[in-house]
Amino acid sequence: MSQYGAMEMAKDGWSASRILRHYYTGTTYDAVTDTQVLRVNIVHAAASLSASSVAIAAGGGDFSVSVPSGATRSMTGGLGDGLSLVRSGASVKVTCGGCSGATLLSGSSVTLTWDTSESSDHTGMSIGGRVYRDGRTVIYPGAGATLEAVNHVRLHDEYLDYIREMPWSWPKEALKAQATASRTFAQKRRNARGSADFDLYGSVLHQAYTGTKYQVPAWTGAVDATTG
């Protein structure tokens with residue numbers, strides 16, 4: 001879809017569904033379930049990785065870290081506690097000097113979980129220099145001696161709300177067309193990946209996924225208006 005073309009069509013009064021039918025010949029505009037969880041690769045082939053919690057609202061900052069097996073399998077931290085993750089052979093090693101329960105864990109993967117409840121969404125997690133508000137992140141060994149970080153997020157809101165593929169000052173019908181195209185692309189990637197470790201990259205390799213930045217009512221309104 002030409003995004004500038006979609007903008008001009010919307011200015012001329014075209015609906016989102018008409019814009020999409022123009023660019024995607026032979027397709028239909030159908031309602032489908034869009035509450036699936038996507039696995040979004042947010043850090044690729046990193047030699048090491050750092051993470052820390054941030055308070056998005058008052059009272060935020062708590063998080064937990066877990067590994068699949070071992071005598072000690074979890075640790076908990078609070079606002080500003082820093083995590084350091086490195087490869088250790090075929091495992092991932094995570095250290096956190098300020099955490100409780102443990103200060104070091106090692107496992108085949110590491111899972112970071114923070115406040116994701118809709119009623120009290122006060123915590124974000126800074127991972128690789130970018131803050132993510134929703135989901136949980138799994139870090140696992142990549143090729144060579146590298147690490148991969150994959151965020152697990154719900155398609156409709158936790159993923160689509162943070163997509164930045166079109167200027168949000170553009171007409172509403174153009175934004176709705178983009179939201180639908182982004183949703184469809186993500187679902188196609190999810191269905192095609194099978195047993196792979198992630199569904200799509202959170203960068204312009206697939207779609208620009210920003211985590212927390214740039215969420216604005218014009219865009220989230222377009223996402224909500226095209227739910228399903």
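Quick look at the structure, then. Small disclaimer: the values here were computed from a predicted structure and weren't measured.

Section: the overall build of the chain
Point 1. Broken down by element type, the chain carries five helices and 13 strands.
Point 2. Taking 17 Å as the expected radius of gyration for a compact globule of 228 residues, we find that the chain reaches 19 Å, a close match to that expectation.
Point 3. Across its three principal directions, the C-alpha atoms of the chain cover 60 × 40 × 25 Å.
Point 4. When the 228 residues of the chain are sorted by exposure, 46% land in the buried category.
Point 5. Counting every atom, the chain has about 10500 Å² of accessible surface; 50% of that belongs to carbon and sulfur.
Point 6. Across the chain, the centroid of the 20 positively charged side chains sits 5 Å from that of the 19 negatively charged ones.

Notes on the sheet that holds strand E1 (residues 37–46)
Point 1. Strand order in the open sheet formed by seven strands is E4-E3-E8-E11-E12-E1-E13, and the pairing between neighbours is mixed. A strand with exactly one partner marks an edge of an open sheet, and here the two such strands are strand E4 (74–77) and strand E13 (200–201).
Point 2. Bridge analysis of strand E3 (residues 63–66) against strand E8 (residues 110–114) gives four bridges, and the strand direction is antiparallel. Residue pairing across strands places Val65 opposite Leu112, the latter belonging to E8.

Regarding the pairing of E3
Point 1. The two faces of E3 differ: Phe63 and Val65 on one face are buried, but Ser64 and Ser66 on the other face are not.
Point 2. Bridging between E3 and E4 involves four bridges; their strand directions are antiparallel. Among the inter-strand pairings, Ser64 is bridged to a residue of E4, identified as Thr76.

Notes on the pattern of salt bridges
When their charged atoms lie close together, side chains carrying opposite charge are able to pair.
Point 1. Applying the stated criterion across every chain, the model contains five salt bridges.
Point 2. Here Arg154 ties to Glu158 by a salt bridge, and the two come within 3.7 Å at their closest N and O atoms.
Point 3. What you see here is one network of salt bridges that share partners, running through Arg154, Asp157 and Glu158.

Considering the state of the cysteines
Covalent bonding between the sulfur atoms of two cysteines is what defines a disulfide.
Point 1. Enumeration over the complete set of coordinates arrives at one disulfide.
Point 2. Between Cys96 and Cys99 runs a disulfide, and the two sulfur atoms are separated by 2.1 Å. Of note, the bridge from Cys96 to Cys99 carries an S-S torsion of about 75° and is right-handed in sense. In terms of burial, Cys96 and Cys99 fall into one category: buried.

Observations concerning unusual backbone geometry
Point 1. Unlike most non-glycine residues, Ala45 shows phi in positive territory, near 55°.
Point 2. Topologically, Ala45 is positioned in strand E1.

Observations regarding the packing of aromatic side chains
Point 1. Considering all chains together, one arrives at five aromatic pairs under this definition.
Point 2. Ring geometry for Trp168 and Trp219: centres 6.5 Å apart, planes at 35°, overall tilted. Residue Trp168 is found in the loop between helix H3 (155–159) and helix H4 (172–193), and its partner Trp219 is found in helix H5 (residues 217–225); the two are separated by 51 residues along the sequence.
Point 3. Judged by relative accessible area, which is 1%, Trp219 ranks as buried.
Point 4. Counting every residue linked through ring pairs, the aromatic cluster contains Tyr132, Tyr159 and Tyr209.
Point 5. Sitting over the ring of Trp14, Arg18 keeps its end group 3.7 Å from the ring centre.

How each quantity is defined
- Residues numbered from 1 in each chain as written.
- Predicted model: local features only at pLDDT ≥ 70, side-chain atom pairs only at ≥ 80, totals over all residues.
- Heavy atoms only, no water.
- Helix = DSSP H or I, 4+ residues; strand = E, 2+ residues; numbered from the N terminus.
- Rg over C-alpha atoms; globule rule 2.2 N^0.38 Å.
- Buried < 20%, exposed > 50% of the residue type's maximum accessible area, 1.4 Å probe, protein only.
- Areas by Shrake-Rupley, 256 points an atom, 1.4 Å probe, with all protein chains shown as cover.
- Lys, Arg positive; Asp, Glu negative; His and termini not counted.
- Charge placed at Lys NZ, Arg CZ, Asp CG, Glu CD.
- Pairing = 2+ DSSP bridges.
- Salt bridge = Lys/Arg side-chain N within 4 Å of Asp/Glu carboxyl O.
- Disulfide = S-S within 2.5 Å.
- Phe/Tyr/Trp six-rings, centres within 6.5 Å; stacked < 30°, edge-to-face > 60°.
- Lys NZ or Arg CZ within 6 Å of the ring centre and 35° of its normal.

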